[in-house]
Amino acid sequence: MSLETLTKSWEPMSYGFLDASAKREIRRKTLKAIAVPGCQIPYASREVPMARGWGTGGLQVSCTLINPDMRVKVIDQGADDSVNAASIRKFLARVSGAPVTMDTLEADLIQSRHRIPEEKLREDQVLVLQVPNPEPLRPVQPNMSIARQMHADADYGRMWLQLYEQIVRSGRVMQGASYPSLVNGRFVMTPSPIPRWDVPKMDMAAHLTILSAGREKRLHAVPPYTRVEPLVFDDVPFRVEDHGRLVCTRSGARGFFMNEIPQEDGTSSFEVSDSELGVKTIHRRDGDAARIGETWYTDGEMAQ
């Protein structure tokens, strides 16, 4: 026996950038998060070539799940061509050899910052959401030790009080992004800074959603076909943003979540936030072949 037989050839880095030990741990913690929907699971967040707070949690999960046959799509606030999305997409392709795509229907793994695509996801697709702050109790209980105990006791009275105070002071719930939601009737989670428009998309969805916060070293998950209910009072129903009547000035798409663009004359124009859906709509309008999948919303109304 020689030393050469006990070693392997030197490699500049492990497949998918993360070492085998890191990927094993993230896989174990992800399985635990799936088994206990909505529960925050701590993990040893590793260093990646990106600043904390810019998607390191989602990137670590993607590096763990990715394989050479998996098509990858990366979204930043709905756009595929932003600097953050392009950088992460290029990095994942480089460390894995996996093909990339901007089409939601073609993707196997979708990493997103602050948005869920407008086209419905399938059972064979995985959505990874970047989460800057995974703790929904932080605004009402800054002591994280006490917050963990409150989760264990299912003590969410302070969150209900916070929503009640918003209604009393403003006449409606002012919570916008990161709307607190009850998962599987047990744990309250913050569904990343997605707008209220996207929260109903997680309820009984066919796909697996993994939410990871690298800076906070925690992840949680929503398994397929799991109940996700935003916290609401019986006499104050949950309402999404009123974007159903808005029309995209570039594509003509209507009834989807829009980005508001202020104009010099003081007015505003709107563009559909899901950039790839806008591109598909333009191609279809111009007579080109473009396959648009079933969408969560139709004319601003959530499909039942």
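Above: the structure in question.
The model shown is predicted, which means the values in this text are computed figures rather than measured ones.

**Q** Give me the overall build of the chain: which residues, what numbers.
**A** The secondary structure content of the chain amounts to 6 helices and 13 strands. The globule rule puts the C-alpha radius of gyration for 304 residues at 19 Å, and the 21 Å found for the chain is close to it. Considering only C-alpha atoms, the chain reaches an extent of 75 × 55 × 35 Å along its principal axes. The buried share of the chain, reckoned over its 304 residues, is 50%. For the chain, restricting intrachain contacts to residue pairs at least 6 apart in sequence, the fraction spanning at least 24 positions comes to 60%. When the accessible surface of the chain is split by element, carbon and sulfur atoms take 52% of a total near 15,100 Å². One way to put it: in the chain the 38 positive side-chain charges average out to a point 6 Å from where the 39 negative ones average out.

**Q** Just give me the short version of the nonpolar core, but keep the residues and values in it.
**A** Residues Leu 59, Leu 92, Leu 137, Met 159, Met 189, Met 202 and Val 222 are the most contacted members of the largest nonpolar core, which totals 65 residues. Here this core gets 5 residues from one element, more than from any other, and that element is helix H3 (residues 83-96). Residues from two domains meet in this core; each of domain 1 (20-136 + 178-227) and domain 2 (144-176) gives at least three. Excluding anything up to four places from it in sequence, Met 189 contacts Gly 38, Pro 136, Tyr 179, Pro 180, Ser 181, Val 183, Met 202, Leu 211, His 220, Val 222 and Val 228. By size, the runner-up hydrophobic cluster in this structure holds 7 residues, among which are Cys 248, Ala 253, Phe 256 and Val 272.

**Q** Would you mind going over the pairing of strand E2 (residues 72-76) in detail, with residue names and values included?
**A** Of all 5 residues that make up E2, 5 are buried, and the element is covered over most of its length. Crossover handedness for the path E2 to H3 to strand E3 (residues 109-113): left-handed.

**Q** So what's going on with the sheet that holds strand E5 (residues 181-183)? Residues and values would help.
**A** Spatial strand order, E6-E5-E9: 3 strands in an open sheet with antiparallel pairing. Each end of this open sheet is capped by a strand with a single partner; those strands are strand E6 (187-189) and strand E9 (228-230). Looking at each pair of strands side by side, their axes are set apart by 35° on average, direction ignored. Pairing of E5 with E9 involves 3 bridges; the strand directions are antiparallel. Residue pairing across strands places Val 183 opposite Val 228, the latter belonging to E9.

**Q** Tell me about a nonpolar patch on the surface, and please be specific about residues and values.
**A** A cluster of nonpolar side chains, contributed by Leu 161, Tyr 164 and Val 168, occupies part of the molecular surface with about 310 Å² of accessible area. Tracing the backbone shows Tyr 164 in helix H5 (residues 157-170). With a relative accessible area of 49%, Tyr 164 lands in the partly exposed category.

Definitions and limits used
- Residues numbered from 1 in each chain as written.
- Predicted model: local features only at pLDDT ≥ 70, side-chain atom pairs only at ≥ 80, totals over all residues.
- Heavy atoms only, no water.
- Helix = DSSP H or I, 4+ residues; strand = E, 2+ residues; numbered from the N terminus.
- Rg over C-alpha atoms; globule rule 2.2 N^0.38 Å.
- Buried < 20%, exposed > 50% of the residue type's maximum accessible area, 1.4 Å probe, protein only.
- Contact = heavy atoms within 4.5 Å.
- Areas by Shrake-Rupley, 256 points an atom, 1.4 Å probe, with all protein chains shown as cover.
- Lys, Arg positive; Asp, Glu negative; His and termini not counted.
- Charge placed at Lys NZ, Arg CZ, Asp CG, Glu CD.
- Core = buried A, V, L, I, M, F, W, Y, C linked by side-chain atoms within 4.5 Å.
- Domains from an automatic or database assignment.
- Right-handed = clockwise from strand over helix to strand, strands pointing away.
- Pairing = 2+ DSSP bridges.
- Axes fitted to C-alpha atoms, helices over the stretch in contact; angles between N-to-C directions.
- Patch = residues over 30% accessible without salt bridge, like charges linked within 9 Å, V, L, I, M, F, W, Y side chains within 5 Å.
- Salt bridge = Lys/Arg side-chain N within 4 Å of Asp/Glu carboxyl O.

These values are about where atoms sit, not about what they do.
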